[in-house]
Amino acid sequence: IYYIEKYDAVVIAEYDGGTIFCYDIFAGKKDCFDEIVGVLAAESTVSVRLGFTPKDSEMFMAEESAEENTTVFVNKASDSLFHTHQVTFPFLSRA
């Protein structure tokens, strides 16, 4: 767990080699996501994986989850967010 005073942000993340796995970011300002990730990145960081769906996902690449027991059932007749967007349930919300 990291606190970044400049952005008054709490970040739950872990490092694995050149990858940062960012479970979530809790910050008062919502428009400073890339700056916060930039502060977390070490010189050896080559990728950042997110455990949540970012508000602006244009600078990210989505990957299909290969985890077991993560099936979500969606009402086929409804206008579901899942039909039109690539989203994930936050990793911190999983039991």
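See the structure printed just above.
Residues numbered from 1 in each chain as written. Predicted model: local features only at pLDDT ≥ 70, side-chain atom pairs only at ≥ 80, totals over all residues. Heavy atoms only, no water.

Draft legend 1. Highlighting the side chain of Asp24. Turning to its location among the elements, Asp24 is positioned in strand S3 (residues 19–27). Using a relative accessible area of 15% as the deciding quantity, one classes Asp24 as buried. What Asp24 contacts, discounting residues up to four positions off in sequence, is Val10, Val11, Ile12, Phe52 and Leu92. (Helix = DSSP H or I, 4+ residues; strand = E, 2+ residues; numbered from the N terminus. Buried < 20%, exposed > 50% of the residue type's maximum accessible area, 1.4 Å probe, protein only. Contact = heavy atoms within 4.5 Å.)

Draft legend 2. Looking closely at helix H1 (residues 33–40). All of the buried residues in H1 are Phe33, Ile36, Val37 and Leu40. Buried residues in H1, looked at end-on, bunch into an arc of 95 degrees, giving them a common side. Lining the buried residues of H1 we find strand S1 (2–4), strand S2 (9–16), S3 and strand S4 (47–50). (Arc of directions from axis to C-beta.)

Draft legend 3. The arrangement of the environment of Tyr3 in detail. Note on placement: Tyr3 falls in strand S1. Sequence separation of Tyr3 and Phe26 is 23 residues, and the distance between their C-alpha atoms is 9.5 Å. Not counting chain neighbours up to four residues away, the residues in contact with Tyr3 comprise Asp8, Ala9 and Val10. At 2.8 Å, the side chain of Tyr3 forms a polar contact with the side chain of Asp8. (Polar contact = N/O pair within 3.5 Å; in protein donor to acceptor, adjacent residues only side chain to side chain.)

Draft legend 4. Structural context of the packing of aromatic side chains. Applying the stated rule across the entire model yields three aromatic pairs. Here Tyr2 and Tyr15 contribute two aromatic rings whose centre-to-centre distance is 6.0 Å and whose plane-to-plane angle is 90 degrees, an arrangement assigned as edge-to-face. In this pair, Tyr2 is assigned in strand S1 and Tyr15 in strand S2, connecting sequence segments 13 residues apart. Since its relative accessible area comes to 33%, Tyr2 is described here as partly exposed. (Phe/Tyr/Trp six-rings, centres within 6.5 Å; stacked < 30°, edge-to-face > 60°.)

Draft legend 5. Summary view of the sheet that holds S1. The four strands lie next to each other as S1-S2-S3-S4, forming an open sheet whose pairing is mixed. Of all strands in the sheet, those bounded by a partner on one side alone are S1 and S4. Strand-to-strand, the axes of this sheet are offset by a mean angle of 35 degrees, without reference to chain direction. Here eight bridges tie S2 to S3, and the two strands are oriented antiparallel to one another. Bridged to Ile12 within S3 is Asp24. Docked against the sheet, H1 engages S1, S2, S3 and S4, running at close to 135 degrees with respect to S3. (Pairing = 2+ DSSP bridges. Axes fitted to C-alpha atoms, helices over the stretch in contact; angles between N-to-C directions.)

This is a description of form; function is not addressed.
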